[in-house]
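Next come the chains, spelled out residue by residue.
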Amino acid sequence: MKKLSFVFAVILLITVSCAKKDTAEQLYGTTWELEYISGPKIAFDALFHMKKPQLMFDKETMKVMGNNGCNGYTAEFTLDKENAISFGEAGPTTMMYCGQGEQEFLKTIKKINKYSFDIEGKLNLLMDDVTMMRFKKVTTEE
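Since this is a predicted model, take the numbers as computed values, not measurements. Within each chain, residues carry numbers counting from 1 in the order of the written sequence. Per-residue local features of the predicted model are confined to residues with pLDDT of at least 70, and side-chain atom pairs are confined, for both listing and counting, to 80 or more; whole-chain, interface and lining totals are unaffected and use all residues. Where side-chain values are given, they derive from all heavy atoms of the structure, hydrogens and water being excluded.

Enquirer: Please clarify how the pairing of strand 7 (residues 123-127) should be interpreted in this entry.
Expert: Looking down a regular strand, the side chains alternate between one sheet face and the other. The buried label goes to any residue with under 20% of its type's maximum accessible area, the exposed label to any with over 50%, and the partly exposed label to all in between, with areas taken from a 1.4 Å probe on protein chains only. Numbering of helices and strands starts at the N terminus; helices are DSSP runs of H or I of at least 4 residues and strands are runs of E of at least 2. For strand 7, the tally of buried residues reaches four of five residues, placing the bulk of the element in the interior. Two strands qualify as a pair provided DSSP detects at least 2 bridges between them. Relative to strand 7, strand 6 (residues 114-117) runs antiparallel, the two sharing four bridges. Bridge pairing links Tyr 115 to Leu 125 in strand 7. Where strand 7 meets strand 8 (residues 130-137), five bridges bridge the pair, whose relative direction is antiparallel. Of the residues in strand 8, the one forming a bridge with Asn 124 is Arg 134. Between strand 7 and strand 8, which pair antiparallel in sequence order, lie two residues; one of them, Asp 128, sits at a positive phi of approximately 60°.

Structure representation (structure tokens):
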């Protein structure tokens, strides 16, 4: 019985450590579309009435790019241990004004210091342990 418990413990340890390593890999190769943002007192669809923000993470350049609900968005990002993430200053962009959504997006993403994936595979960007932004995978039709 002790031998079986030991084998089970080793398998569990290997599974958990492999899952930890693969967590960051889930960021890449996907377009993520914002479906929730914490804070604003305006309805989500009214906040992003033109288009919803989308992000794509590039592993080679360590840049995230997409849009902030109005204008293009590009910034460097860093990953650290235990699912820590931070976003640098947004790069140059067009100056089209589309309402409050863009400002809320930019303000919120600067507060992010962790990420996680929920059981549905959605990307949660967190400030400590509080979900500030949640993104779903975008499926492209060809």
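Next comes the rest of the write-up.
Enquirer: Whenever I open this one, the environment of Ile 37 confuses me. Can you help?
Expert: For Ile 37, the location among the structural elements is in strand 1 (residues 32-37). For Ile 37, a relative accessible area of 8% corresponds to the buried category. Here the alpha-carbon distance between Ile 37 and Thr 131, two residues 94 residues apart in the chain, equals 8.3 Å. Once you skip the residues sitting within four places of it in the chain, Ile 37 turns out to touch Phe 44, Leu 47, Phe 48, Glu 104, Phe 105, Thr 108, Met 132 and Met 133. For this analysis, residues touch if any pair of their heavy atoms sits within 4.5 Å.

Enquirer: Teacher, can you tell me more about the nonpolar core here?
Expert: Soluble globular proteins tend to bury their nonpolar side chains together. We call a set of buried residues a nonpolar core when its members are Ala, Val, Leu, Ile, Met, Phe, Trp, Tyr or Cys and they connect through side-chain atoms within 4.5 Å of each other. Phe 57, Phe 87, Phe 105, Leu 123, Met 133 and Phe 135 are the most contacted members of the largest nonpolar core, which has 27 residues in total. If we ignore the near neighbours within four places in the chain, the residues touching Phe 105 are Leu 34, Ile 37, Phe 48, Pro 53, Leu 55, Asn 67, Asn 68, Tyr 73, Met 133 and Phe 135.

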